[in-house]
Amino acid sequence: MKAIVFDMDGILFDTERVGDQAWRQAAEEMQFAEIDAAIEDCRGLNRADTRAFFEAHFPHVNYPAFHKRNHEIMAELLADGMPIKTGAIELLQWLQDEKWRVALATSTGRESTMHHLESAQMTQYFDQIITGEQVQHGKPDPEIYAKACAAIGACPATTYAVEDSPNGIRSAAAAGLRVIMVPDLVPVSAEQMPFLTSVQPDLLKVMQWLKQSV
């Protein structure tokens, strides 16, 4: 059985940039000056871990209010449709045609995840969808990838993960998956290379690489 697990933001959708914009706007409204450091440290974390990070490092910030305002701004910015990454539909359709088992492992909450997938007409491509509130700890903890593999009945050692962020890469690698990096906002680094099976510029190239390598 061939199996693969996808991250969502920054891989299927060009939402990392939109998310950063929303965080910065919400922070400006709330007069939170340290937002750039928080953005990088929290990239890939689920809501519970993000809240814990804020409470530990920025106790002066009202995190529930910040999260609520950030969510509102994101909805406004994405009102005209989801920005789909190059090759996403083509790769997912090919995987379905080739009868791969396909899962999603995203730190984003289920309500937002399903909204994004339904807006882009992608839900039919996934056998299982694992979201941030289904795990105790988000990425870089390996729990979400272990859960995704179990959900589709796949052995992690023979399953591929498609990721863009350092936290996501560490999560998938720690769970034992073969990690394909498609860089988004964070470029590939020497520190990440030991965790990676392949680095590809976009999802069309991922498809070509899988056709040749699997």
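Read on for an overview of the structure. Please read these numbers as outputs of a predicted model, since none were measured by experiment. (Residues numbered from 1 in each chain as written. Predicted model: local features only at pLDDT ≥ 70, side-chain atom pairs only at ≥ 80, totals over all residues. Heavy atoms only, no water.)

Counting residues in each nonpolar core, the largest one holds 51 residues, and the members touching the most others are Phe-6, Leu-12, Phe-54, Met-122, Phe-126 and Leu-210. Leave out the neighbours within four places in its chain, and Leu-12 touches Phe-6, Asp-7, Pro-83, Ile-84, Lys-85, Ala-88, Leu-92, Leu-104, Met-122, Phe-126 and Leu-203. Membership of the second largest hydrophobic core comes to 20 residues, among which are Val-5, Ala-105, Val-135 and Tyr-145. (Core = buried A, V, L, I, M, F, W, Y, C linked by side-chain atoms within 4.5 Å. Buried < 20%, exposed > 50% of the residue type's maximum accessible area, 1.4 Å probe, protein only. Contact = heavy atoms within 4.5 Å.)

This next bit is on the environment of Ala-22. In this structure, Ala-22 sits in helix 1 (residues 16-29). Here the alpha-carbon distance between Ala-22 and Ala-75, two residues 53 residues apart in the chain, equals 9.4 Å. Those residues in contact with Ala-22, other than ones at most four positions away along the chain, are Asn-70, Ile-73, Met-74 and Leu-77. (Helix = DSSP H or I, 4+ residues; strand = E, 2+ residues; numbered from the N terminus.)

Our next topic: the sheet that holds strand 3 (residues 128-130). Pairing is parallel in the open sheet, where six strands are placed in the order 3-2-1-4-5-6. Both outer strands of the open sheet, strand 3 and strand 6 (196-199), are each paired with one neighbouring strand and no more. Sheet twist, expressed as the mean angle between neighbouring strand axes with direction ignored, is 25°. In this sheet, strand 6 lies alongside strand 5 (residues 178-181) in parallel orientation, the contact comprising three bridges. Residue pairing across strands places Val-179 opposite Leu-196, the latter belonging to strand 6. With respect to the sheet, helix 7 (residues 143-151) is in contact with strand 1 (3-6), strand 2 (101-105), strand 3 and strand 4 (159-163), its orientation differing from that of strand 3 by roughly 160°. The sheet strands contacting helix 8 (residues 166-174) are strand 4, strand 5 and strand 6, and the helix crosses strand 5 at an angle near 160°. (Pairing = 2+ DSSP bridges. Axes fitted to C-alpha atoms, helices over the stretch in contact; angles between N-to-C directions.)

Inspection of the secondary structure puts Gln-192 in the loop between strand 5 and strand 6. For Gln-192, a relative accessible area of 7% puts it in the buried group. Not counting chain neighbours up to four residues away, the residues in contact with Gln-192 comprise Pro-166, Ile-169, Met-181, Val-186 and Pro-187.

The analysis is restricted to geometry; functional conclusions fall outside its scope.
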